[in-house]
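Structural overview
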Amino acid sequence: MIILQTENSNPHYMAEKKPALKRNNIKKTASKKGVKDNKPLRREQIKIISGFVLLSFSIYLLFAFGSFLFNAGADQSKLQLNWWELIRNPDIKVENITGKTGAWLADLFINQWFGLSSFLFIYLLGIYCFKLFNRKIQGIVIKTIKALVLIVWLSVTLGYAFETKYGTSSIFPGGMYGYYIAVWLNSIVGKVGTFFILLVSLFIYLVFVVEGFINIFKRSHKTQTDPEGSPLNVPSKSNDKIVEKIDLGDTNEEFEKTISPIDFDIDKDNDEGQANEMAEKNKTLNIEIDNLHNQDNGTTEDELEMTVEIKEQENEEYENKPLEDYDPKLDLSKYEYPSIDLLEDYSHLKSDVTDDELKENRNRIVETLRNFKIEIVKIKATVGPTVTLYEIIPAQGIRISKIKNLEDDIALSLSALGIRIIAPIPGRGTIGIEVPNLNPNVVSMRSIISSRKFQETTAELPIAMGRTISNETFVFDLTKMPHILVAGATGQGKSVGLNTIIASILYKKHPSQVKFVFIDPKKVELNLYASIEKHFLAMLPDTEEPIITDVEKVKATLNSVGIEMDNRYDLLKTAHARNIKEYNKKFIERKLNPEKGHRYLPYIIVIIDEFADLIMTAGKEIELPIARIAQLARAVGIHMVIATQRPSTNIITGVIKANFPSRIAFKVASMIDSRTILDHPGANQLIGKGDMLFASGSETLRLQCALVDTPEVERICEHIASQQAYPTAYLLPEYVGDDIDYPGAVDLNQKDEFFDDAARLVVLNQQGSTSMIQRKFSIGYNRAGRIMDQLEAAGVVGPSEGSKARRVLIQDEYSLEQLLNTL
C-alpha cells in the first residue's frame, strides 16, 4: 500500500519557495517623467457630467412614475395623443407633477410597455450613475441582464394576475407587453399551465441569481467516489494543477504555489529508492511505501491499492478581532419590562370642560376686574386636566400688583377654591389666572407611560410625573435635578407621587442599570416593593429586611451610601472619568480592567419617606450624611428623593434646601409651609388630589400628578418578582459605627434610682422638663439634668430644643412599661 500525504505547511517547502515566488510576483512599471496627459482628466469630467445628467433623469422618472400612480385617471384621455401633439398644444394641462413629458413617459413605460415593473429601469439607471461616478460596481452586465429578466417576468406575471386591457383602466399593471404575452400563454397551455410556467421560471431565476438558494435542495457529500465506488479526494486528470494561496506571515504578502500533480502510473519496477527520489524532487510529498514488491504472494499492478490523502494547510493566521462590548444586561438577558396592561385605564372617567363653563368664567373674571377699574385687552383660556389657565393682557397703565391683590375677590366671584394668580407668566408677557375645573380629569399612569414623549425619551433616569396645564406629558431626567425634595400635607398625593417616580424607573430601566434604597419609618408605604429585593434593591450585608425602617439601620445605611460614593469617586479617578456616564461607557467598551477593581456602576436612588420623623429621632446623625451625599453624589450616579409632610424650618433646614434645588410641593396648610418648600407662596392654593407645583431653579410648573394606585404597584412588583433574579440584592459597603465613648456619654447600665419614676412622670404629663423633675423629686439640678440625659438616651424624650421643653416620644404608659422592661 502506498500512502501519499501532501503537507502544505512543510517548513522546507516554505524556506525554498518563498524567495523564488517573491521574485516572480514583482511587477515592474515604467513611465516617462515629465510627460503630461490631459486626456484622462477630460474623460473623468465627461463621465461625472454624464453621471449627473443620468442621475437627474432617474430622479425625474421616479417622480413621474410616482405621480402617474395617483393622477393616471385624470390624465388618461390626454395621453392618447402622441408626444408631439401633446407638448405643442398649450391648452392641454396634465395633473402629473413632472408635466406633459413626464406623464407621457410614465404612460409609455407603465401602460404601453412593462407595467409596474418599469420601476426597475430606475434601478438600472442608478447603477450606471454610480459606475460613471467611479464607484466600484462588479458585474454590471450581469446585474443588467438579471434586472431585464426580472422586468419581463414581473410584467408577464402582473399581466396574468390582472387581466386588464390597455385603455380600459387608468393603470395597466402588467403593461401591454405583459398582457399580450400572458394572453398568448393562456391560449396555448391554459391558465394552469401559465401559472406553472411562471413558477418554474421564477425557480430557475432564483437558482441562478440568489447565492445559496440551490443549497436548500442540494445534499452535501464529504467525499467523491469514482465509478467503482472507491473514495478519491484528488483530481482524476493528470494534467490538473492545484493552486493555493500561502500567507507569508509578517510580510503581509501572498503568493500562489503550484503543485504539479503526481503521476499515479507507477511502474512495477519502481522500488523504494525511486519513491524516495520522487519525494525529494517534489519537496512537498512524504511518500511511505509498504511492501511495494510483495514477492511472496506475487502482487500484480492491477491488484496494487493506493490511498492518496492531501491535507490542506491549516489557517494559522491569527485575527486580532476586538472584543465585543460588555453587556450589563447579560445576567438577566431574558428580563421582560412591565407592560402597560398592568396599569388601570381611567379613560372612561374623562370629562371635558364645556364651552359654557369657559365663557362663564371668562365673563366673571372680566366683570370682577372692571369693578375695580381694570380693563383687559385680551383673554385666552388653556384647558388642562384639573385647572384652566386664563391668560389676560391688561390695558396700558395697569399695575400688575393691583391685579395680584384681587386674588380673593376673583375666587369669590368664581365661587372656586385654589385660585392662583401668576403675575407675570415668565416668557409670555401675560398675567395668568388658574381656575380649577368643575369636573377634573384623572391622569392615569397608563396614559403617561404609553405617551410618545416618555417612550422616545433619551434621559438616563426618566421620570414621567404627570400632565401640565396645557395637557402635555411632563417628563424630566432625575440625573439633571439631581435630588428632589417632596412635601405635602397628609392625603394630598405625596405617597402617590413617590410611587409615580418609582414606577417610571421600573418601566424604563433594567435591573442592572438602577438600584433603590428604600427608607420608610412608617413601615407601610414602601413595603410593597420588598418582593423585588433581588432585582432592584440595594441594602447592607446581613440585613434581613429590604425596606429600612429602624432608625439605627437608617444611620448605617446612609453612611454606607456615603462610603459607596467615596469608592466610586476612587474608581472614577483611576479611570480618568468625570462622571458615571463616561465611566460606564469606558467599562462597556472594555477599556477598564475588572481585575483592578473596576466594575459596572448602576445608578442608586435613595428614597426616604417621612423625613420629619427621622430628623426628630436622629437629628444631626441623619442630616449630615444626607447633606454630604446631596453635595457630592451627583457625579457618581447617586440621587436622593426625600418626602415629608411637615415642611417646617426645623425639618427642612438650610443645609437640606441648599442641596435640593428641585422641589415638588403638593397642597400644604399655610403660606409659611409653601415658602419653606418653594421659597414663594402657591402650594397653599392648590386643590389637592395630586395637584402639585414642580420647582426647578427659577421655573415653577403646575402639574397634575399621575395616579398609580396600590393594586397597580402590586401587579408591577409581581410581574418583576416572577422573573429570574440576581442571587442577592445589590450589597452596599459594610459600615462600622463609632462605639467609643466620648465625654458626656450616657451609660444606661448605671441608671439613676429615680429613672423609672421620672420616665413615668414625663410620660404622664407629656412634658420633658428638667426643672419639673427637680421639683417633684426634690433633687439638685445637676442630678435632674443627668436623669433627663438618660431619658433621652433611652428614647423617652427628644433632644434639647433650647429653652423649650423636650418633646416626649412615648405616648402612653403601656408603651413606657414595655420600654423599661427591655432596658
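Residue numbers here run from 1 along each chain, matching the order of that chain's written sequence. Thresholds applied to this predicted model are a pLDDT of at least 70 for local features of residues and 80 or more for the giving and counting of side-chain atom pairs; totals over whole chains, interfaces and linings are not thresholded and use all residues. The side-chain values count all of the structure's non-hydrogen atoms but skip hydrogen atoms and water molecules.

Description of the overall build of the protein
What counts as a helix is a DSSP run of H or I of at least four residues, what counts as a strand is a run of E of at least two, and both are numbered from the N terminus. When helices and strands are tallied, the protein shows 26 helices and 22 strands. Three labels apply to residues, based on accessible area from a 1.4 Å probe with only protein chains included: buried if under 20% of the type maximum, exposed if over 50%, partly exposed otherwise in between. Residues counted as buried form 41% of the 823 residues belonging to the protein. Residue contacts are counted whenever heavy atoms from the two residues lie within 4.5 Å of one another. In the protein, the share of contacts with a sequence separation of at least 24, taken over all contacts with a separation of at least 6, comes to 66%. Each accessible area is a Shrake-Rupley estimate made with a 1.4 Å probe; only the visible protein chains count as cover when residues are assessed. Counting only carbon and sulfur atoms, one obtains 52% of the accessible surface of the protein, whose full area is about 48,100 Å².

Points about the pattern of salt bridges
Between Lys or Arg on one side and Asp or Glu on the other, a salt bridge is scored when a side-chain nitrogen of the former is within 4 Å of a carboxyl oxygen of the latter. A complete count under the given rule lists 28 salt bridges for this structure. One salt bridge connects Arg 420 with Glu 434, and the closest N-O pair in it is separated by 2.9 Å. Residue Arg 420 is found in strand β10 (residues 420-422), and its partner Glu 434 is found in strand β11 (residues 431-436); the two are separated by 14 residues along the sequence. In this structure, Asp 679 and Lys 657 form a salt bridge, with 2.7 Å as the shortest nitrogen-oxygen distance. Placement of the pair is Asp 679 in the loop between α21 (671-678) and β20 (691-696) and Lys 657 in helix α20 (residues 654-659), with a sequence separation of 22 residues. Judged by its relative accessible area of 47%, Asp 679 falls in the partly exposed class.

Things to note about a nonpolar patch on the surface
A patch is a set of surface residues, each over 30% in relative accessible area and not in a salt bridge, joined within 9 Å for like charges and within 5 Å for the nonpolar side chains Val, Leu, Ile, Met, Phe, Trp and Tyr. On the surface, Tyr 177, Ile 181, Trp 184, Ile 188, Val 189 and Ile 197 cluster together into a nonpolar patch covering about 560 Å² of accessible area. Structurally, the position occupied by Ile 197 is in helix α7 (residues 175-209).

Describing the sheet that holds β11
A strand pair is defined by DSSP finding two or more bridges across the two strands. Pairing within the open sheet is antiparallel, and its four strands lie in the order β8-β9-β11-β10. Two strands close off the open sheet at either side, each with one partner strand: β8 (376-383) and β10. The mean angle between the axes of side-by-side strands here comes to 20 degrees, regardless of whether they run parallel or antiparallel. As paired strands, strand β9 (residues 387-394) and β11 are joined by six bridges and run antiparallel to one another. If you follow Val 387 over to β11, its bridge partner there is Pro 436. For helices, the fitted line uses only the C-alpha atoms of the stretch in contact; every axis is such a line through C-alpha atoms, and the angle between N-to-C directions lies from 0 to 180 degrees. Helix α9 (residues 355-371) rests against β8, β9 and β11 of the sheet, and its axis sits at about 40 degrees to β9.

What to know about the confidence of the model for the protein
The predictor attaches a confidence to each residue, called pLDDT, with possible values from 0 through 100. Per-residue confidence for the protein averages 79 on the pLDDT scale, and 78% of its residues sit at or above 70. For residues 1-37, every residue scores under 50 in pLDDT, and the model assigns this stretch 64 contacts once sequence neighbours within four places are set aside. Between residues 219-319, whose pLDDT stays under 50, and residues either more than four places distant or in other chains, the model counts 125 contacts.

Considerations on the pairing of β20
For a regular strand, the rule is simple: side chains alternate between the two faces of the sheet. Most of β20 is tucked away, with five of its six residues classed as buried. Where strand β19 (residues 662-665) lies against β20, four bridges are found, and the strand directions are antiparallel. Note that in β20 the partner of Ala 665 across the bridge is Leu 693. Across six bridges, the pairing between β20 and strand β21 (residues 699-705) is antiparallel. Among the inter-strand pairings, Ala 695 is bridged to a residue of β21, identified as Thr 700.

Brief notes about the packing of helix α5 (residues 119-132) against helix α6 (residues 140-161)
Between two packed helices, both the angle of their axes relative to each other and the distance between the axes serve to describe the pair. Packing of α5 against α6 leaves a shortest axis separation of 10 Å and a crossing angle of 170 degrees. Between α5 and α6, the interaxial angle falls into the category roughly antiparallel. Here Leu 120, Phe 121, Tyr 123, Leu 124, Ile 127, Tyr 128 and Lys 131 of α5 lie close against α6, whose contacting residues are Ile 140, Lys 143, Thr 144, Ala 147, Leu 148, Leu 150, Ile 151 and Leu 154. Residue composition of the contact of α5 with α6, by class: 12 nonpolar, one polar and two charged. Our angle categories are set so that under 35 degrees counts as roughly parallel, over 145 as roughly antiparallel, 65 to 115 as roughly perpendicular, and the remainder as oblique. Gly counts as polar in this scheme, as do all residues outside two lists: the nonpolar Ala, Val, Leu, Ile, Met, Phe, Trp, Tyr, Cys and Pro, and the charged Asp, Glu, Lys and Arg.

Examining the packing of helix α14 (residues 494-508) against helix α22 (residues 710-721)
Running from N to C, α14 and α22 point in directions that differ by 30 degrees, and their axes come no closer than 11 Å. With respect to each other, α14 and α22 are oriented roughly parallel. In the crossing of α14 with α22, the sense of the turn from one axis to the other is left-handed. Here α14 contributes Asn 499, Ala 503, Leu 506 and Tyr 507 to the contact with α22, which in turn contributes Val 713, Ile 716 and Ile 720. Here the contact of α14 with α22 is built from residues that sort into six nonpolar, one polar and no charged. Working rule for handedness: look at the near helix, and if it is turned counterclockwise from the far one by less than a right angle, call the crossing left-handed; if clockwise, right-handed.

Details of the pairing of strand β15 (residues 514-519)
β15 sits mainly inside the fold: six of its six residues count as buried. In β15, alternate side chains face the same way, and those of Val 514, Phe 516 and Phe 518 on one face and Lys 515, Val 517 and Ile 519 on the other are all buried. With six bridges joining them, β15 and strand β17 (residues 603-608) adopt parallel strand pairing. Paired with Ile 519 across the strands is Ile 608, a residue of β17.

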